[in-house]
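# Breakdown of the fold
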Amino acid sequence: MSKLIKVCHFTSAHKCNDVRIFHKECVSLANAGFDVTLIATNCESQVLNGVKIIGVENNSTGRFYRMTKNARNVYKAALALNADIYHVHDPEQLPFALKLKRKGKKVIYDAHEDLPRQILGKYWINKWIRSIVSGAFEIYENYVAKRVDYIIAATPFIKERFLKVNKNTLDVCNYTILKELV
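Structural notes, computed from the coordinates.

Thresholds applied
- Residues numbered from 1 in each chain as written.
- Predicted model: local features only at pLDDT ≥ 70, side-chain atom pairs only at ≥ 80, totals over all residues.
- Heavy atoms only, no water.
- Helix = DSSP H or I, 4+ residues; strand = E, 2+ residues; numbered from the N terminus.
- Rg over C-alpha atoms; globule rule 2.2 N^0.38 Å.
- Buried < 20%, exposed > 50% of the residue type's maximum accessible area, 1.4 Å probe, protein only.
- Contact = heavy atoms within 4.5 Å.
- Areas by Shrake-Rupley, 256 points an atom, 1.4 Å probe, with all protein chains shown as cover.
- Lys, Arg positive; Asp, Glu negative; His and termini not counted.
- Charge placed at Lys NZ, Arg CZ, Asp CG, Glu CD.
- Pairing = 2+ DSSP bridges.
- Right-handed = clockwise from strand over helix to strand, strands pointing away.
- Polar contact = N/O pair within 3.5 Å; in protein donor to acceptor, adjacent residues only side chain to side chain.
- Salt bridge = Lys/Arg side-chain N within 4 Å of Asp/Glu carboxyl O.
- Core = buried A, V, L, I, M, F, W, Y, C linked by side-chain atoms within 4.5 Å.
- Axes fitted to C-alpha atoms, helices over the stretch in contact; angles between N-to-C directions.

Here we take up the overall build of the protein chain. Of regular secondary structure, the protein chain possesses seven helices and eight strands. Radius of gyration (C-alpha) of the protein chain: 16 Å, near the 16 Å computed for a compact globule of 182 residues. The dimensions of the protein chain, computed from C-alpha atoms along their principal axes, are 55 × 45 × 35 Å. Expressed as a percentage of its 182 residues, the buried residues of the protein chain come to 43%. Considering only contacts within the protein chain whose residues lie at least 6 apart along the sequence, 52% involve residues at least 24 apart. Total accessible area on the protein chain is roughly 10,200 Å²; 58% of this is exposed by carbon and sulfur atoms. The protein chain carries 28 positive and 17 negative side-chain charges, and their two centres are separated by 6 Å.

Take a look at the structure:
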């Protein structure tokens, strides 16, 4: 009997019922015969549609807490699974993607948005330093993108950006699930 490939999706920014992450990616993998676990914050641990969901408590709604302590707590829960493949969904998880690579794991980075361009419009970042923060983040994101095994981009534009640093990039666009239209 062959061993099922264990895939762990983890996020500190999205809800466990996120359409892209849970319905389109996790459930699809489970239906294809993979052993799939999704780790997310503030959700009930359960098995749903063949996906094991592990909830990690988040006692704060603050952005800084989510991007630091909460991100680390989600990573620790993911690491405890000892999965074959880790699928990272948030920019704040990029340092952990590198840690997983150093441990010999397969890592996929799911780029939901073009964050360096989005940073330029973030009102909560001082407008005088936005371009510096944007440029620095793009350098770091590209550094990590070169080292992960695959990148999944949410749009063709994002795919083209990452193809320049990692040939293992493809786009999985956020199209409507056909069953939802009926």
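The structure having been displayed, the exposition proceeds.
On to the pairing of strand β2 (residues 35-41). Counting buried positions along β2 gives seven out of seven residues, so the element sits mostly inside the fold. The alternating pattern of β2 places Asp35, Thr37, Ile39 and Thr41 and Val36, Leu38 and Ala40 on opposite faces, both of which are buried. Of the strand pairs in this sheet, strand β1 (residues 6-10) and β2 are connected by five bridges, and their pairing is parallel. Bridge pairing in β2 links Phe10 to Ile39. Remark: the β1/helix α1 (residues 19-31)/β2 crossover connection has right-handed handedness. Relative to strand β4 (residues 51-56), β2 runs parallel, the two being bridged by six bridges. Each residue of the ladder has a partner; that of Thr37, found in β4, is Lys52.

Attention now goes to the side chain of Lys105. Locating Lys105 in the fold gives a position in the loop between α3 (94-102) and β6 (106-111). Within polar-contact distance, the side chain of Lys105 engages the backbone oxygen of Ala83 at 3.1 Å. The contacts of Lys105, once residues within four sequence positions are left out, are Asn82, Ala83, Tyr86, Leu100 and Asp149.

One pass over the structure, following the stated rule, counts eleven salt bridges. Of the charged contacts, one joins Asp110 and Arg20 as a salt bridge, the two residues approaching to 2.9 Å between their closest N and O atoms. Separated by 90 residues along the polypeptide, Asp110 in strand β6 and Arg20 in helix α1 bring together distant segments of the chain. Comparing Asp110 with Arg20, the two get one shared label, buried.

Take the nonpolar core next. In terms of nonpolar packing, the biggest core is built from 31 residues, with Cys8, Phe10, Ile39, Tyr86, Val148 and Phe162 touching the most fellow members. Apart from residues lying up to four places away in sequence, Phe162 is in contact with Tyr109, Ala111, Glu141, Asn142, Ala145, Ile151 and Thr169. Ranked by size, the runner-up nonpolar core spans twelve residues in total, among them Ile21, Phe22, Leu38 and Cys43.

Attention now moves to unusual backbone geometry. Positive phi, normally seen in glycine, also occurs at Asn49, with a value near 55°. Position of Asn49 among the secondary structure elements: in the loop between β3 (46-48) and β4. The backbone phi angle of Asn82 is positive, close to 55°, even though this residue is not glycine. Note that Asn82 resides in the loop between α2 (63-81) and β5 (85-88). With a relative accessible area of 51%, Asn82 lands in the exposed category.

Right, let's get into the environment of Ala77. Mapping Ala77 onto the fold places it in helix α2. Separated by 23 residues in the primary sequence, Ala77 and Ile54 place their C-alpha atoms 8.2 Å from one another. Not counting residues within four places of it along the chain, the set of residues in contact with Ala77 comprises Ile39 and Val56.

Here we come to the sheet that holds β3. The eight strands are arranged β3-β4-β2-β1-β5-β6-β7-β8 in an open sheet whose pairing can be described as mixed. Two strands close off the open sheet at either side, each with one partner strand: β3 and β8 (169-171). Neighbour to neighbour, the strand axes of the sheet diverge by 25° on average, direction disregarded. Both β1 and β5 contribute to a ladder of four bridges, which runs parallel. Note on β5: the bridge partner recorded for Val7 is Ile85. Contacts from α3 reach β1, β5 and β6, with the element oriented near 160° to β6.

Treat this as a map of the structure, not an account of what it does.
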